[in-house]
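Remarks on the overall topology
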Amino acid sequence: MSASYPVVDIHTHMYPPSYIKLLSSRTTVPYIYQPTEADNSPDSDPRLIILASDDDPSRPKASRGRPVDSTYSSFDQKRSFMKRHGISCSVISLANPWLDFLDPESALETAQGINDDLETACAKNNQSSDHGSLKLYAFGCLPLSAPAKDIVSEIKRLKTLKHVKGVIMGTTGLGKGLDDPDLDEVYSALASTSTLVFLHPHYGLPDSAFGGPEVVARSGHVLPLALGFPLETTIAVARMYLSGVFDRHPKLQFLLAHSGGTIPFLAGRIESCVAHEREFVANGGHRQGPQRSIWDVLHTNIYLDAVIYGQPGLRAALEAAGSVDRIIFGTDHPFFPPLGNEHESRWLSVESNKGAIDGTFPHDEEAKKQILGGNAVRVLGLDI
Ligand code: 5CU
């Protein structure tokens, strides 16, 4: 990828060293397992065991989950990945499962530490002449297991960090999902500070939805990542919409991972089911249904990343978003690395996302320019 305009990656994760230390200190999901000689494993990389289905007791720990090498925590490796793929700016976010598992007492301090580390790393990168024109920014993380007042205080503090351009968040909210009325205080703080929320899945669907753990295990991460992740996002956003979150907080701004899961494809069906639902006041029932149309929400409250690996998905995202201006390029680095030793070559995962954009806009350089960088610069206010 060699473009004559800035290419910005807004879906690019890291586990900063402090977070690697935190996961390595744990022995239950989420955790990092360091193989020992006793494991007799051909691969000595630590294992990232973060999904419930990763911790399969029928497998030795040294082969559970995924290998986690230094690409997950090294800023140098992030920069060499960016150079290899012609990316001029990355907006880094902590990878799943963020701080969801922390006890309420340690959550705020841990979030502050990680957010400060990200701010410092981005500032150092952007001030240094060693990295040419490569720029780094970050999405902060929130202490969602802490009391709401601590979450709100961190949202406000993040606005004072020059390189933090929004927050990343999973779908569980305070533990009961994103339609929990107790989140209203948090949504008000996000809206009043104009903080963009990058919504990302982690929990997927229960194994039973796929036929049980044995069925899931037969294809490793395929079912949880290809289907579980996008459906988790779909359900979370549908629940927010149905519970009136976007009616009560019309200024909220969300960026949905993986092109919104299946929301773009299913939005018409959601709209139709709402229009036919007798429970809702508008149709003679007793419950307040959503007051705004889902299309209005998609066109004013939601941005979609372009991490969908194929033209049909990207086209659905574009149709649902209503405009090229609401679709933003990402890579998902360091997930989906090449499986062999060709780490130094271009990554299939990145090339297929880029190929979907090229294939959708073979003759529209302006659209590509917006999706690959212009939209991120405008929406996040990046100085690059
Ligand atoms: O597809 C993805 O975004 C990911 C991710 O972020 N984290 C993960 O564990 N697997 C895939």
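The shown structure was predicted, so the numbers you read here are calculated from the model rather than taken from an experiment.

Rules and cut-offs
- Residues numbered from 1 in each chain as written.
- Predicted model: local features only at pLDDT ≥ 70, side-chain atom pairs only at ≥ 80, totals over all residues.
- Heavy atoms only, no water.
- Phe/Tyr/Trp six-rings, centres within 6.5 Å; stacked < 30°, edge-to-face > 60°.
- Helix = DSSP H or I, 4+ residues; strand = E, 2+ residues; numbered from the N terminus.
- Buried < 20%, exposed > 50% of the residue type's maximum accessible area, 1.4 Å probe, protein only.
- Lys NZ or Arg CZ within 6 Å of the ring centre and 35° of its normal.
- Near = heavy atom within 4 Å.
- Polar contact = N/O pair within 3.5 Å; in protein donor to acceptor, adjacent residues only side chain to side chain.
- Areas by Shrake-Rupley, 256 points an atom, 1.4 Å probe, with all protein chains shown as cover.
- Nonpolar A, V, L, I, M, F, W, Y, C, P; charged D, E, K, R; others polar.
- Pairing = 2+ DSSP bridges.
- Domains from an automatic or database assignment.
- Contact = heavy atoms within 4.5 Å.
- Buried area = accessible area lost by both parts, 1.4 Å probe.
- Salt bridge = Lys/Arg side-chain N within 4 Å of Asp/Glu carboxyl O.
- Core = buried A, V, L, I, M, F, W, Y, C linked by side-chain atoms within 4.5 Å.
- Axes fitted to C-alpha atoms, helices over the stretch in contact; angles between N-to-C directions.
- Parallel < 35°, antiparallel > 145°, perpendicular 65-115°, else oblique.
- Left-handed = near helix turned anticlockwise from the far one by under 90°.

What about the packing of aromatic side chains?
In the structure shown here, the tally under the stated rule is 9 aromatic pairs. Look at Y72 and F335: their rings are 5.5 Å apart centre to centre, the planes differ by 80°, and that puts the pair in the edge-to-face class. One end of the pair, Y72, is in the loop between β4 (66–67) and α2 (75–84); the other, F335, is in the loop between β11 (327–328) and α12 (348–360), and 263 residues separate them in sequence. Residue F335 is classed as buried on the basis of its relative accessible area of 6%. Judged by centre distance (6.2 Å) and plane angle (80°), the ring pair of F246 and F254 falls under edge-to-face. Assigned by exposure class, F246 and F254 land together as buried. Through pairs of rings, three or more aromatic residues link up here, namely Y15, Y19, Y72, F101 and F335. The aromatic ring of Y303 is capped on one face by R326, whose charged end is 4.3 Å from the ring centroid.

Some points on the site of the ligand
Around the ligand sit H11, H13, I50, R66, N96, H200, L225, F229, H258, D332, F335 and F336, and that is every residue in its neighbourhood. At 3.4 Å from an oxygen atom of the ligand is found a side-chain nitrogen or oxygen belonging to H13. For the ligand, whose unbound accessible area comes to 280 Å², protein coverage reaches 98%. When residues of the shell around the ligand are traced back to their parent elements, those giving at least two are β1 (8–14) and α7 (222–242). Tallied by class, the residues present in the shell around the ligand amount to 5 nonpolar, 5 polar and 2 charged.

Considering the sheet that holds β4
The strands making up a sheet are joined through hydrogen bonds of the backbone, oriented either antiparallel or parallel. Taken in spatial order, the 3 strands of this open sheet run β2-β3-β4, and their pairing is antiparallel. Looking at strand neighbours, the two that pair on one side only are β2 (31–33) and β4, the edges of this open sheet.

A closer look at the domain arrangement of the protein chain
For interface size, the figure often reported is the accessible area lost on association. By the assigned domains, the protein chain splits into domain 1 (8–16 + 74–380) and domain 2 (17–72). Each of domain 1 and domain 2 has a C-alpha centre, and these two points are 25 Å apart. In this complex, domain 1 contributes 28 residues to the contact, which on the side of domain 2 involves 20 residues. When domain 1 packs against domain 2, the two sides together hide about 2,000 Å² of surface, and 64% of this comes from carbon and sulfur. Taken together, the connections running from domain 1 to domain 2 amount to 0 salt bridges. The tally of links from domain 1 across to domain 2 stands at 10 residue pairs in polar contact (both at pLDDT 80 or more). Its residues assigned to classes, the side of domain 1 that touches domain 2 shows 18 nonpolar, 8 polar and 2 charged.

A word on the sheet that holds β11
The 8 strands lie next to each other as β1-β5-β6-β7-β8-β9-β10-β11, forming an open sheet whose pairing is parallel. The outermost strands of the open sheet, each flanked by one partner alone, are β1 and β11. In the sheet, strand β10 (residues 302–305) pairs with β11 via 2 bridges, with the strands oriented parallel. Bridging across to β11, D305 finds its partner in I328.

With respect to the nonpolar core
Membership of the largest hydrophobic core comes to 108 residues, with the highest contact counts inside it found for Y15, L48, Y187, F254, I302 and I327. Of the residues that make up this core, three or more belong to each of domain 1 (8–16 + 74–380) and domain 2 (17–72). Not counting chain neighbours up to four residues away, the residues in contact with I327 comprise L304, A306, L314, A317, L318, A321, Q370, I371 and N375.

Quick look at helix α5 (residues 184–192)
Along α5, the positions that sit buried rather than exposed are V186, Y187, A189, L190 and A191. Count one or two residues on from α5 and you reach S194, which has phi positive near 50°.

Digging into the packing of α12 against helix α13 (residues 365–380)
It is at 9 Å that the axes of α12 and α13 come closest, and there the two elements cross at 150°. Taken together, the axes of α12 and α13 are roughly antiparallel relative to one another. Crossing handedness for the pair α12 and α13: right-handed. The residues of α13 that touch α12, namely those facing K354, I357 and D358, are K368, I371 and L372. Grouping the amino acids of the contact of α12 with α13 by side-chain chemistry returns 3 nonpolar, no polar and 3 charged.

Examining the pattern of salt bridges
Under the defined criterion, the tally for this structure stands at 12 salt bridges. Its salt-bridge partner being E154, residue R157 comes within 2.8 Å of it at the nearest N-O pair. Here R157 and its partner E154 are both found in helix α4 (residues 148–158), 3 residues apart, which amounts to about one turn of the helix. Owing to a relative accessible area of 23%, R157 belongs among the partly exposed residues under this scheme. Taken together, the salt bridges that share partners define one network made up of K354, D358, E365 and K368.

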